[in-house]
Structure formats: C-alpha cells, structure tokens
There are 2 protein chains.
Amino acid sequence: MPASSETAGYRFNHTMIRVKDPKASLKFYSEVLGMELIDTMNGSDFTLYFLAYDTSNGVDTAEDKAKYRSGREGLLELTHNHGTESDASFKGYASGNAEPGRGFGHTCISTPDVEVACARLERLGVPFQKKLTDGRMKNIAFALDPDGYWVEIIGYPTKP
Amino acid sequence: MPASSETAGYRFNHTMIRVKDPKASLKFYSEVLGMELIDTMNGSDFTLYFLAYDTSNGVDTAEDKAKYRSGREGLLELTHNHGTESDASFKGYASGNAEPGRGFGHTCISTPDVEVACARLERLGVPFQKKLTDGRMKNIAFALDPDGYWVEIIGYPTKP
C-alpha cells in the first residue's frame, strides 16, 4: 500500500534507549560502531545524546547535522538519567529479551562486510549474544552494548 | 569524531519490537503512520514484518525495496510469535517505560507538521501517552501503538 498524502514526508527518525553510563555507551556507539554524536540536549537531571551515521558522505556540516537531525532517519537517542553510572543500587536496564520486560528486541547495524565487521568487534573485545558461527544463521550476529542491549550485525548487498 | 575507515558504509538499519497481533500493528504502522510493508520473513513459529518509509520518492520498485532493505536506514521490524494474538493467558509485551522491564524508551516518527499529524492521529482514535498540549513540551507528543509502545511524534524543519 503506498503511503497516503496525509503521511507524506514522514520519517522513522530515531529509537531511544536508556543507558547507565554515557561514557561507556558513547565509546561503544562512536569508536566501536562508528556513529557520530551529532547533538546533545541537557535536562535538569538527564542528558540526551543523538548519534547517527553520516550518510551525506561528508557534505553536511556539524551544524547542519544537529539542526536538521529531526528530518532524517537512522538516529539513535541515548537517555542518561544522571547518577545511574555511580549508583551501586542501580540494577541496570532490561534488554527487552527476557522476562520480566520482554518486548523490545534489538537495534541493527548493517555493514558492507559482516565477516570483517564481526572479526573487528571480536578483536575489540565486544561481547556477543550470538557470534556468526553460533546457531543456524551464519550471516547474522548479535553483539551486546554496554547495557546488554542486543545489536544485530548484518551485511548488505551493494545496490548497483 | 569522524567515522573511521573501518566503519565506512555502516548503517543504523532497523529496530525490532515484538508485537502481539500483527493485524493491529500493521494497520497502525501502515494505515495510520504511513509506513510500507516492504518485506516479510516466515519462520516455523514466527513471522517478521519489515516496514519503512519510501524515501526514494517512488523511484524504488517493490522488488528493490525488499532486496536492498539491509542497506538503508529507518526500518522497523515487527516480530510476531505465532499464537500470542489469540492466547488469553498472554500478558502482552513491556513498553520499556515502567518497571519491571525499563530500558527501551520509544521509536520516533518525524513529520512535516506536528500539529497536523497529531490532529489526524486524534481523529483516528489513536491513544496518546502525552498529547501536544500535555506537560511543558508543546512540540512533542507520544502516541501509543497497539502493544503500548511509545511512538514519539515530532515535526522537522525543512532543509533549504
């Protein structure tokens, strides 16, 4: 069914997950997975971090990336409620993949070469829920982010 | 920090959430929110539905949308474990926004005009966690999908 004129221009802009320690999460999503931190918003007791891949091939300026982030797709919003990172009683967030709290499943990063991508993640010491060699599906892996959220890693065919 | 050459071509491809009743969810995400069902995968006891906006402005064929779905951003994957829709003992999925199971927060659909978008959702009878007029943030709403997941609705500025 084609989109109606009433929903023309709609975009699936972002997905938000809560994180315990933004230092660990920003390191993971930027240094390990290669996303860029394009915007930050500070509340009184929380901070929001917006990450995305530069799909403009270097054309967009940092200012434009932040200014027009609402009009694009593929953003990851990390919510840090201040204090969780140093609160010994904080039990951590639910990944969504076990009871109680089953619902959300995972995010997915697609890559030009899933074998190369997963070998690099293993070298970097990233834990996996499922490596490429585990189970039946040999072309899909699930890495674990610092909070234990599942991040699917797949390859994609180049569009001619 | 610019992305390294090691992560060149990486994309934030999709977000997966489990749904109780695919009929209700597909109606919501396609008819109400305007996404297109671009691919379906059947397992022995589950079905995966991949939805996305047509950001090609009608250029991509249905075959291409399915074939190259892994190489783009902005997909929503709905996982239906067969039987939940008619299982009276099934308690439903956690939205991620309350204990137990706090973690995942929401997805977000951005629209050219948030006032128009939210007025339409209200006309269609979609329940809201937060209407535009609730609380302090008058430019953000949270609609509820059929499973109770929060879907943020925002506007975006047109890029010149």
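No experiment lies behind these values; they were computed from the predicted model shown.

1. Here's the deal with the domain arrangement of chain A
Residues and elements named next belong to chain A.
Alright, step 1. Domain boundaries in chain A define domain 1 (12-93) and domain 2 (103-160).
Alright, step 2. With centres defined by C-alpha atoms, the gap from domain 1 to domain 2 works out at 20 Å.
Alright, step 3. Taken together, the contact between domain 1 and domain 2 spans 15 residues of the former and 14 residues of the latter.
Alright, step 4. Each partner contributes to the roughly 1,100 Å² buried at the junction of domain 1 and domain 2, and carbon and sulfur atoms together form 67% of this total.
Alright, step 5. The interface formed by domain 1 and domain 2 holds zero salt bridges in total.
Alright, step 6. Along the contact surface separating domain 1 from domain 2 lie five residue pairs in polar contact (both at pLDDT 80 or more).
Alright, step 7. Looking at the side of domain 1 that touches domain 2, the elements that each hand over two or more residues are strand 1 (11-18) and helix 1 (22-32).
Alright, step 8. Take the side of domain 1 that touches domain 2: its biggest share by element is six residues, from helix 1.
Alright, step 9. In terms of residue class, the side of domain 1 that touches domain 2 is built from ten nonpolar, two polar and three charged.

2. Topic: the interface of chain B and chain A
Alright, step 1. Taken together, the 65 residues of chain B in the interface contact 65 residues of chain A.
Alright, step 2. Between chain B and chain A, roughly 5,400 Å² of surface is buried when both sides are summed, and carbon and sulfur atoms account for 56% of that area.
Alright, step 3. Inspection of the chain B/chain A interface yields eight salt bridges.
Alright, step 4. For the pair chain B and chain A, the interface holds 39 residue pairs in polar contact (both at pLDDT 80 or more).
Alright, step 5. Put simply, the parts of the chain that give the side of chain B that touches chain A at least two residues each are strand 1 (11-18), helix 1 (22-32), strand 4 (75-81), strand 5 (104-111), helix 3 (114-123) and strand 8 (150-155) of chain B.
Alright, step 6. For the side of chain B that touches chain A, a count of residues per class yields 27 nonpolar, 23 polar and 15 charged.
Alright, step 7. Pairing of strand 5 (residues 104-111) of chain A with strand 1 of chain B, which is carried by six bridges, proceeds in the antiparallel orientation. By the bridge assignment, C108 of chain A is partnered in strand 1 of chain B with H14 of chain B.

3. Details of the packing of aromatic side chains
Alright, step 1. Applying the stated criterion across every chain yields a total of eleven aromatic pairs over all chains.
Alright, step 2. Between the aromatic rings of Y10 of chain A and Y53 of chain B, the centroid separation amounts to 6.4 Å while the plane-to-plane angle is 65°, which identifies the pairing as edge-to-face. In this pair, Y10 of chain A sits in the segment before strand 1 while Y53 of chain B sits in the loop between strand 3 (46-52) and helix 2 (62-67), so the two residues belong to two different chains.
Alright, step 3. Seen in terms of ring centroids, F28 of chain B and Y29 of chain B are 4.9 Å apart; in terms of plane orientation they differ by 85°. Their pairing is edge-to-face.
Alright, step 4. The class of F28 of chain B is buried, set by a relative accessible area of 7%.

4. Thoughts on the sheet that holds strand 2 (residues 36-42) of chain B
Alright, step 1. What the eight strands build is an open sheet, ordered 6(A)-7(A)-8(A)-5(A)-1(B)-4(B)-3(B)-2(B); its pairing is mixed. Strands at the two margins of the open sheet, each flanked by one partner only, are strand 6 (128-130) of chain A together with strand 2 of chain B. Neighbour to neighbour, the strand axes of the sheet diverge by 25° on average, direction disregarded.
Alright, step 2. Each of strand 5, strand 6, strand 7 (141-144) and strand 8 (150-155) of chain A touches helix 3 (residues 114-123) of chain A; the most contacted strand, strand 8 of chain A, lies at about 140° to it.
Alright, step 3. The strands touched by helix 1 of chain B are strand 1, strand 2, strand 3 and strand 4 of chain B; relative to strand 4 of chain B, the strand with the most contacts, the crossing angle is about 165°.

5. Observations regarding the relation of the copies chain B and chain A
Alright, step 1. With an RMSD of 0.0 Å, the operation that places chain B on chain A is a rotation of 180° combined with a shift of 0.0 Å along the axis. Between the two chains, the operation in question is that of a two-fold axis. Closest approach to the rotation axis among the C-alpha atoms of chain B is made by G101 of chain B, whose C-alpha sits 1.8 Å away.

6. Brief notes about the environment of F90 of chain A
Alright, step 1. Within the secondary structure, F90 of chain A is located in the loop between strand 4 (75-81) and strand 5.
Alright, step 2. Leaving out residues up to four positions away in the same chain, F90 of chain A has contacts with K20 and T84 of chain A.

7. A word on the UniProt feature "active site" (unreviewed entry) in chain A
Alright, step 1. In this numbering, the UniProt entry assigns the feature "active site" (unreviewed entry) to E152 of chain A.
Alright, step 2. Secondary-structure assignment places E152 of chain A in strand 8.
Alright, step 3. Relative accessible area serves as the criterion here: at 5%, E152 of chain A is assigned to the buried category.
Alright, step 4. Not counting the four nearest positions on each side in its chain, E152 of chain A is found in contact with H106, T107, C108, I109, I140, A141 and F142 of chain A together with H14 and E77 of chain B.
Alright, step 5. Side chain to side chain, E152 of chain A and H106 of chain A meet in a polar contact 2.9 Å long.

Criteria and cut-off values
- Residues numbered from 1 in each chain as written.
- Chains lettered and ligands numbered in written order.
- Predicted model: local features only at pLDDT ≥ 70, side-chain atom pairs only at ≥ 80, totals over all residues.
- Heavy atoms only, no water.
- Domains from an automatic or database assignment.
- Contact = heavy atoms within 4.5 Å.
- Buried area = accessible area lost by both parts, 1.4 Å probe.
- Salt bridge = Lys/Arg side-chain N within 4 Å of Asp/Glu carboxyl O.
- Polar contact = N/O pair within 3.5 Å; in protein donor to acceptor, adjacent residues only side chain to side chain.
- Helix = DSSP H or I, 4+ residues; strand = E, 2+ residues; numbered from the N terminus.
- Nonpolar A, V, L, I, M, F, W, Y, C, P; charged D, E, K, R; others polar.
- Pairing = 2+ DSSP bridges.
- Phe/Tyr/Trp six-rings, centres within 6.5 Å; stacked < 30°, edge-to-face > 60°.
- Buried < 20%, exposed > 50% of the residue type's maximum accessible area, 1.4 Å probe, protein only.
- Axes fitted to C-alpha atoms, helices over the stretch in contact; angles between N-to-C directions.
- Least-squares fit on C-alpha atoms with pLDDT ≥ 70 in both.
- UniProt positions renumbered as here; feature names shortened; annotations may be inferred.

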